[in-house]
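# Chains, contacts and geometry: an overview
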Amino acid sequence: AQTVTQSQPEMSVQEAETVTLSCTYDTSESDYYLFWYKQPPSRQMILVIRQEAYKQQNATENRFSVNFQKAAKSFSLKISDSQLGDAAMYFCAYRTGNSGNTPLVFGKGTRLSVIA
Amino acid sequence: EPEVTQTPSHQVTQMGQEVILRCVPISNHLYFYWYRQILGQKVEFLVSFYNNEISEKSEIFDDQFSVERPDGSNFTLKIRSTKLEDSAMYFCASSGIVNYGYTFGSGTRLTVV
């Protein structure tokens, strides 16, 4: 079974600084997708960024980027120029790519605090 | 931008009562899901639904749970006899293309007393 591990229960960052959240996963599949979701205090799940395993290029969405190391099964999220609104729980998630409706497997999350 | 809509946002129910959580997925999506998040814990998969039948379910999704798409737009989760440990945030999600993350609804907070 696939597992997703987030080893940092909590992180903090100064406003305007950069922070990296770690995620590792375990799978025997070659075709899969990785995601970072943000959960603010409202508890809604918001997709931040996604990465297809077959793509070597790291995904980027504005201030959010990933460092995808397929051999190491590592998928970290970098937040640049951190803003107060970035404070939230961040969940790393994995999904097998060989079926249309495979479930997402989530890590336990990292709570990010942004210090003004 | 299309949204997944969940109602109610918060429901309080007596232990042993039946509850129905409602969701309206994005209209052209084909796959529908329910997830659960107990306070302070990770998000857990309950069930996926495609072509009017359950595709996959987790061990959490026991006989107390059922899902239905009664009218082609709504997608419901029913808990027949709620237990205290069913208290959680329940998220509905839908997806249309395999390589995209799901779109989640804003969740229903279920409190069983």
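What counts, and at which threshold
Residues numbered from 1 in each chain as written. Chains lettered and ligands numbered in written order. Predicted model: local features only at pLDDT ≥ 70, side-chain atom pairs only at ≥ 80, totals over all residues. Heavy atoms only, no water. Helix = DSSP H or I, 4+ residues; strand = E, 2+ residues; numbered from the N terminus. Rg over C-alpha atoms; globule rule 2.2 N^0.38 Å. Buried < 20%, exposed > 50% of the residue type's maximum accessible area, 1.4 Å probe, protein only. Contact = heavy atoms within 4.5 Å. Areas by Shrake-Rupley, 256 points an atom, 1.4 Å probe, with all protein chains shown as cover. 1 Å grid on protein atoms, 1.4 Å probe; cavity = no way out; pocket = protein on both sides within 12 Å on 5 of 7 lines; lining within 4 Å. Points joined across faces, edges and corners; volume = space filled by probe spheres on them. Nonpolar A, V, L, I, M, F, W, Y, C, P; charged D, E, K, R; others polar. Salt bridge = Lys/Arg side-chain N within 4 Å of Asp/Glu carboxyl O. Polar contact = N/O pair within 3.5 Å; in protein donor to acceptor, adjacent residues only side chain to side chain. Buried area = accessible area lost by both parts, 1.4 Å probe. Core = buried A, V, L, I, M, F, W, Y, C linked by side-chain atoms within 4.5 Å. Phe/Tyr/Trp six-rings, centres within 6.5 Å; stacked < 30°, edge-to-face > 60°. Disulfide = S-S within 2.5 Å.

### Structural notes on the overall build of chain A
Along chain A, the regular secondary structure elements total 0 helices and 12 strands. By the compact-globule yardstick of 13 Å for 116 residues, chain A fits well, its C-alpha radius of gyration being 14 Å. Summarising its shape, the C-alpha atoms of chain A cover approximately 45 × 25 × 20 Å along the three principal directions. The buried share among the 116 residues of chain A stands at 50%. Within chain A, contacts between residues at least 6 apart in sequence are counted, and of these 55% link residues at least 24 apart. In the form shown here, chain A has an accessible surface area of approximately 5,500 Å², with 44% of it arising from carbon and sulfur atoms.

### A word on the layout of surface pockets
For the second largest pocket, the calculated volume is near 450 Å³. Around the second largest pocket sit 20 residues that line it, and Gln2, Leu104 and Val105 of chain A together with Phe45 and Ser58 of chain B are the ones nearest its centre. In terms of residue class, the lining of the second largest pocket is built from 10 nonpolar, 5 polar and 5 charged.

### What to know about the pattern of salt bridges
Residues and elements named next belong to chain A. Evaluation of the coordinates by the stated rule reveals 5 salt bridges over all chains. Ionic pairing is found between Glu52 and Arg50, a salt bridge with its closest N-O pair at 3.6 Å. Judged by relative accessible area, Glu52 falls into the buried class, the value being 6%. Taking the shortest distance from any N to any O, the salt bridge between Arg63 and Asp86 comes out at 2.8 Å. Within this pair, whereas Arg63 is found in the loop between β7 (60-61) and β8 (64-69), its partner Asp86 is found in the loop between β9 (74-79) and β10 (88-96), the two being separated by 23 residues in sequence. One network of salt bridges, with partners in common, ties together Arg50, Glu52 and Lys55.

### Here's the deal with the side chain of Thr27 of chain A
Residues and elements named next belong to chain A. With respect to the helices and strands, the residue Thr27 is situated in the loop between β4 (24-26) and β5 (32-39). Reaching out from Thr27, the side chain makes a polar contact with the side chain of Tyr94 at a distance of 2.7 Å. When near neighbours in sequence (up to four residues on either side) are disregarded, Thr27 contacts Gln2, Tyr32, Lys73 and Tyr94.

### Some details on the interface of chain B and chain A
Contact residues are listed per partner, giving 25 residues for chain B and 23 residues for chain A. Taken over both partners, the interface formed by chain B and chain A buries close to 2,100 Å², and the fraction arising from carbon and sulfur atoms is 54%. The interface formed by chain B and chain A contains 0 salt bridges. Mapped by element, the contributors of at least two residues to the side of chain B that touches chain A are β4 (31-37), β5 (43-50), β6 (53-57) and β9 (88-95) of chain B. Grouping the amino acids of the side of chain B that touches chain A by side-chain chemistry returns 14 nonpolar, 8 polar and 3 charged.

### Quick notes on the environment of Tyr54 of chain A
Relative to the elements of secondary structure, Tyr54 of chain A occurs in the loop between β6 (46-52) and β7. Sequence spacing of Tyr54 of chain A and Tyr32 of chain A is 22 residues, and the spatial spacing of their C-alpha atoms is 7.9 Å.

### Remarks on the nonpolar core
Ranked by size, the top nonpolar core spans 25 residues in total, and within it Tyr25, Trp36, Phe75, Leu77 and Tyr90 of chain A carry the most contacts. Phe65, Leu77, Ile79 and Val112 of chain B belong to the second-largest nonpolar core, a separate cluster that totals 22 residues.

### With respect to the packing of aromatic side chains
Residue and element names in this part refer to chain A. Applying the stated criterion across every chain, the model contains 22 aromatic pairs over all chains. Centroid distance Trp36 to Phe75: 6.3 Å. Interplanar angle 25°. Geometry classified as stacked. Highlighted residues: Trp36 in strand β5 and Phe75 in strand β9, separated in sequence by 39 residues. Across this residue pair, the class does not change: Trp36 and Phe75 are buried. Seen in terms of ring centroids, Tyr37 and Phe106 are 5.9 Å apart; in terms of plane orientation they differ by 55°. Their pairing is tilted. One end of the pair, Tyr37, is in strand β5; the other, Phe106, is in strand β11 (residues 105-106), and 69 residues separate them in sequence.

### Thoughts on the state of the cysteines
Residues and elements named next belong to chain A. Per the counting criterion, the structure on display carries 2 disulfides over all chains. What pairs with Cys23 in a disulfide is Cys92, and their sulfur atoms sit 2.0 Å apart. Sign of the S-S torsion, about -70° for the bond between Cys23 and Cys92, identifies this disulfide as left-handed. Taken together, the residues Cys23 in the loop between β3 (19-21) and β4 and Cys92 in strand β10 connect sequence positions 69 residues apart.

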